[in-house]
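# Residue-level structure breakdown
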Amino acid sequence: MTLLQFMVLEQAGGTEAAPGGSMLGMFLPLIIVFALMYFITIRPQKKKDEELRKQINAMQVGDEVVTIGGITGRIFNIQDDEVTVSTSVQNTLMTFKKSAIAHVMSPAAKAEAQQRKVEAEAKAKAADDKPKKHSFMDKLKGKDDQED
(Lines give C-alpha, C1' and ligand atoms only; values in the text may rest on other atoms or scores of the structure.)
Protein backbone atom coordinates (compact mmCIF):
# COMPACT_ATOMS: atom_id res chain seq x y z
CA MET A 1 0.00 0.00 0.00
CA THR A 2 1.54 3.30 -1.03
CA LEU A 3 1.55 6.44 1.05
CA LEU A 4 -1.01 8.07 -1.24
CA GLN A 5 -3.41 5.12 -0.92
CA PHE A 6 -2.96 5.14 2.84
CA MET A 7 -3.79 8.86 3.05
CA VAL A 8 -6.87 8.48 0.84
CA LEU A 9 -8.19 5.58 2.90
CA GLU A 10 -7.61 7.43 6.15
CA GLN A 11 -9.49 10.53 4.91
CA ALA A 12 -12.33 8.46 3.57
CA GLY A 13 -12.63 6.65 6.87
CA GLY A 14 -11.55 3.32 5.42
CA THR A 15 -11.52 0.40 7.78
CA GLU A 16 -8.61 -1.37 6.15
CA ALA A 17 -5.60 -1.50 8.51
CA ALA A 18 -2.26 -0.32 7.25
CA PRO A 19 0.12 -3.27 6.84
CA GLY A 20 3.16 -1.37 8.18
CA GLY A 21 1.53 -0.09 11.35
CA SER A 22 1.16 3.57 12.11
CA MET A 23 3.17 6.28 10.39
CA LEU A 24 4.80 7.18 13.69
CA GLY A 25 5.97 3.59 14.13
CA MET A 26 7.57 3.70 10.69
CA PHE A 27 9.36 7.02 11.12
CA LEU A 28 10.30 6.81 14.82
CA PRO A 29 13.52 4.78 14.27
CA LEU A 30 14.58 7.18 11.52
CA ILE A 31 13.96 10.18 13.78
CA ILE A 32 15.97 8.54 16.59
CA VAL A 33 18.90 7.88 14.24
CA PHE A 34 18.94 11.51 13.08
CA ALA A 35 18.79 12.74 16.69
CA LEU A 36 21.72 10.51 17.65
CA MET A 37 23.73 11.70 14.65
CA TYR A 38 23.09 15.30 15.68
CA PHE A 39 24.22 14.78 19.28
CA ILE A 40 27.22 12.60 18.39
CA THR A 41 28.68 14.47 15.40
CA ILE A 42 27.13 17.83 14.58
CA ARG A 43 26.74 19.39 18.03
CA PRO A 44 30.33 18.75 19.27
CA GLN A 45 31.73 20.09 15.99
CA LYS A 46 29.67 23.27 16.32
CA LYS A 47 31.02 23.78 19.86
CA LYS A 48 34.58 23.25 18.63
CA ASP A 49 34.07 25.72 15.77
CA GLU A 50 32.61 28.31 18.15
CA GLU A 51 35.59 27.92 20.51
CA LEU A 52 38.03 28.38 17.61
CA ARG A 53 36.12 31.47 16.46
CA LYS A 54 36.47 32.95 19.98
CA GLN A 55 40.21 32.19 19.96
CA ILE A 56 40.66 33.82 16.56
CA ASN A 57 38.75 36.94 17.63
CA ALA A 58 40.90 37.18 20.79
CA MET A 59 44.24 36.82 18.94
CA GLN A 60 46.92 39.37 19.73
CA VAL A 61 50.34 40.17 18.33
CA GLY A 62 52.81 37.71 19.85
CA ASP A 63 50.44 34.74 20.12
CA GLU A 64 51.58 31.49 18.55
CA VAL A 65 49.34 30.03 15.84
CA VAL A 66 49.09 26.89 13.72
CA THR A 67 47.51 27.15 10.29
CA ILE A 68 45.35 24.54 8.61
CA GLY A 69 48.37 23.70 6.48
CA GLY A 70 50.48 22.95 9.57
CA ILE A 71 52.63 26.09 9.47
CA THR A 72 53.46 27.36 12.94
CA GLY A 73 54.62 30.80 13.90
CA ARG A 74 54.15 33.91 15.98
CA ILE A 75 51.67 36.64 15.02
CA PHE A 76 53.49 39.69 13.70
CA ASN A 77 50.54 41.81 12.51
CA ILE A 78 46.75 41.58 12.48
CA GLN A 79 44.56 43.38 9.95
CA ASP A 80 40.84 43.06 9.19
CA ASP A 81 40.66 39.45 8.01
CA GLU A 82 44.38 38.77 7.55
CA VAL A 83 47.13 37.72 9.92
CA THR A 84 50.86 38.08 9.24
CA VAL A 85 52.87 35.30 10.86
CA SER A 86 56.62 35.17 11.50
CA THR A 87 57.50 31.54 10.84
CA SER A 88 61.19 31.11 11.57
CA VAL A 89 64.34 32.51 13.12
CA GLN A 90 65.00 34.48 9.93
CA ASN A 91 61.64 36.22 10.46
CA THR A 92 60.02 34.91 7.32
CA LEU A 93 56.69 36.72 7.17
CA MET A 94 53.65 35.01 5.69
CA THR A 95 50.16 36.45 5.45
CA PHE A 96 47.12 34.23 5.97
CA LYS A 97 43.38 34.74 6.13
CA LYS A 98 41.96 34.37 9.64
CA SER A 99 39.93 31.42 8.38
CA ALA A 100 43.22 29.56 7.73
CA ILE A 101 44.12 29.54 11.44
CA ALA A 102 43.57 26.14 13.05
CA HIS A 103 44.84 26.79 16.59
CA VAL A 104 45.83 29.82 18.69
CA MET A 105 48.12 29.57 21.72
CA SER A 106 48.57 32.75 23.73
CA PRO A 107 51.70 33.08 25.90
CA ALA A 108 49.59 32.77 29.06
CA ALA A 109 47.93 29.58 27.80
CA LYS A 110 51.32 28.23 26.75
CA ALA A 111 52.73 28.85 30.24
CA GLU A 112 49.69 27.18 31.78
CA ALA A 113 50.12 24.11 29.53
CA GLN A 114 53.80 23.95 30.47
CA GLN A 115 52.89 24.14 34.17
CA ARG A 116 50.39 21.28 33.76
CA LYS A 117 53.06 19.22 32.02
CA VAL A 118 55.55 19.81 34.86
CA GLU A 119 52.92 18.87 37.45
CA ALA A 120 52.07 15.67 35.57
CA GLU A 121 55.75 14.71 35.38
CA ALA A 122 56.18 15.40 39.11
CA LYS A 123 53.13 13.27 39.90
CA ALA A 124 54.48 10.42 37.75
CA LYS A 125 57.88 10.65 39.48
CA ALA A 126 56.20 10.58 42.90
CA ALA A 127 54.28 7.46 41.87
CA ASP A 128 57.58 5.79 40.88
CA ASP A 129 59.13 6.63 44.25
CA LYS A 130 56.45 4.80 46.23
CA PRO A 131 57.39 1.34 47.51
CA LYS A 132 56.17 -1.42 45.26
CA LYS A 133 53.37 -3.61 46.51
CA HIS A 134 53.87 -7.32 46.15
CA SER A 135 51.10 -9.54 44.98
CA PHE A 136 49.89 -12.64 46.73
CA MET A 137 51.82 -14.79 44.24
CA ASP A 138 55.06 -12.94 45.03
CA LYS A 139 54.57 -13.71 48.71
CA LEU A 140 53.98 -17.37 47.93
CA LYS A 141 57.17 -17.52 45.87
CA GLY A 142 59.12 -16.18 48.82
CA LYS A 143 59.69 -12.62 47.65
CA ASP A 144 59.40 -10.17 50.47
CA ASP A 145 59.69 -6.41 50.85
CA GLN A 146 63.38 -6.53 51.68
CA GLU A 147 64.39 -7.46 48.09
CA ASP A 148 63.61 -3.96 46.70
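In what follows, the structure referred to is the one given above.
An account of the accompanying structure is given in this report.

Cut-offs used in this document
Residues numbered from 1 in each chain as written. Predicted model: local features only at pLDDT ≥ 70, side-chain atom pairs only at ≥ 80, totals over all residues. Heavy atoms only, no water. Helix = DSSP H or I, 4+ residues; strand = E, 2+ residues; numbered from the N terminus. Buried < 20%, exposed > 50% of the residue type's maximum accessible area, 1.4 Å probe, protein only. Areas by Shrake-Rupley, 256 points an atom, 1.4 Å probe, with all protein chains shown as cover. Core = buried A, V, L, I, M, F, W, Y, C linked by side-chain atoms within 4.5 Å. Contact = heavy atoms within 4.5 Å. Phe/Tyr/Trp six-rings, centres within 6.5 Å; stacked < 30°, edge-to-face > 60°. Salt bridge = Lys/Arg side-chain N within 4 Å of Asp/Glu carboxyl O. Patch = residues over 30% accessible without salt bridge, like charges linked within 9 Å, V, L, I, M, F, W, Y side chains within 5 Å. Expected span 1.5 Å × (residues − 1). Bend = angle between axes of the 7 residues up to and from the residue. Pairing = 2+ DSSP bridges. Axes fitted to C-alpha atoms, helices over the stretch in contact; angles between N-to-C directions.

Counting its secondary structure elements, the chain contains four helices and five strands. Moving toward the C terminus, one meets the helices and strands of the chain in the order α-α-β-β-β-β-β-α-α. Counting only residues that meet the buried cut, the chain has 12% of its 148 residues in that class. By element, 59% of the accessible surface of the chain is carried by carbon and sulfur atoms, the whole surface being about 12200 Å².

What follows concerns the nonpolar core. Most often, soluble globular proteins have nonpolar side chains that are buried together. Counting 10 residues, the largest nonpolar core consists of Ile56, Met59, Val65, Ile75, Val83, Val85, Phe96, Ala100, Ile101 and Val104. When residues of this core are traced back to their parent elements, those giving at least two are strand 3 (82-86) and strand 5 (101-105). Excluding its chain neighbours within four sequence positions, the residues that come into contact with Val83 are Met59, Ile75, Asn77, Met94, Thr95, Phe96 and Lys98.

Below, the discussion takes up the packing of aromatic side chains. The final tally for this structure, using the stated rule, is one aromatic pair. With 5.2 Å between their ring centres and 80° between their planes, Tyr38 and Phe39 make a pair best called edge-to-face.

Here we take up the pattern of salt bridges. In total, this model carries five salt bridges according to the counting rule given. The closest approach of N and O atoms between Lys54 and Glu50, which form a salt bridge, is 3.8 Å. Linking Lys54 with Glu50, this pair stays in helix 2 (residues 23-57), spanning four residues, or about one helical turn. In this structure Glu50 comes out as partly exposed when scored by relative accessible area, which is 39%. Between Arg116 and Glu112 there is a salt bridge, with its nearest N and O atoms 3.3 Å apart. Here the residue Arg116 and the residue Glu112 both occupy positions in helix 3 (residues 107-129), the gap between them amounting to four residues, near one helical turn.

Looking now at a nonpolar patch on the surface. A surface patch of nonpolar side chains, about 500 Å² in accessible area, is lined by Leu24, Leu28, Ile32, Leu36 and Ile40. Within the secondary structure, Leu36 is located in helix 2.

Turning to the environment of Pro107, a few remarks are in order. With respect to the secondary-structure elements, Pro107 resides in helix 3. According to the relative accessible area criterion, Pro107 is partly exposed, its value standing at 48%. Apart from residues no more than four positions distant in its own chain, Pro107 is found in contact with Gly62 and Asp63.

Before going further, it helps to examine unusual backbone geometry. Positive phi outside glycine occurs at Asn91, with the angle close to 55°. Locating Asn91 in the fold gives a position in the loop between strand 3 and strand 4 (93-97). Looking at Asn91, the relative accessible area reads 52%, which means it is exposed.

Bringing helix 2 into the picture now. The first and last C-alpha atoms of helix 2 sit 48 Å apart over 35 residues, in line with the 51 Å expected at 1.5 Å per residue. Remark: the principal bend of helix 2, roughly 40°, maps to Tyr38.

As summarised here, the arrangement of the five strands in space is 4-3-2-1-5, forming an open sheet in which the pairing is antiparallel. Because the sheet does not close on itself, it has two edges, and the strands there are strand 4 and strand 5. Across the sheet, the axes of successive neighbouring strands diverge by a mean angle of 40°, strand direction being ignored. In terms of strand pairing, strand 1 (residues 64-67) meets strand 5 through four bridges, oriented antiparallel. Paired with Val66 across the strands is His103, a residue of strand 5.

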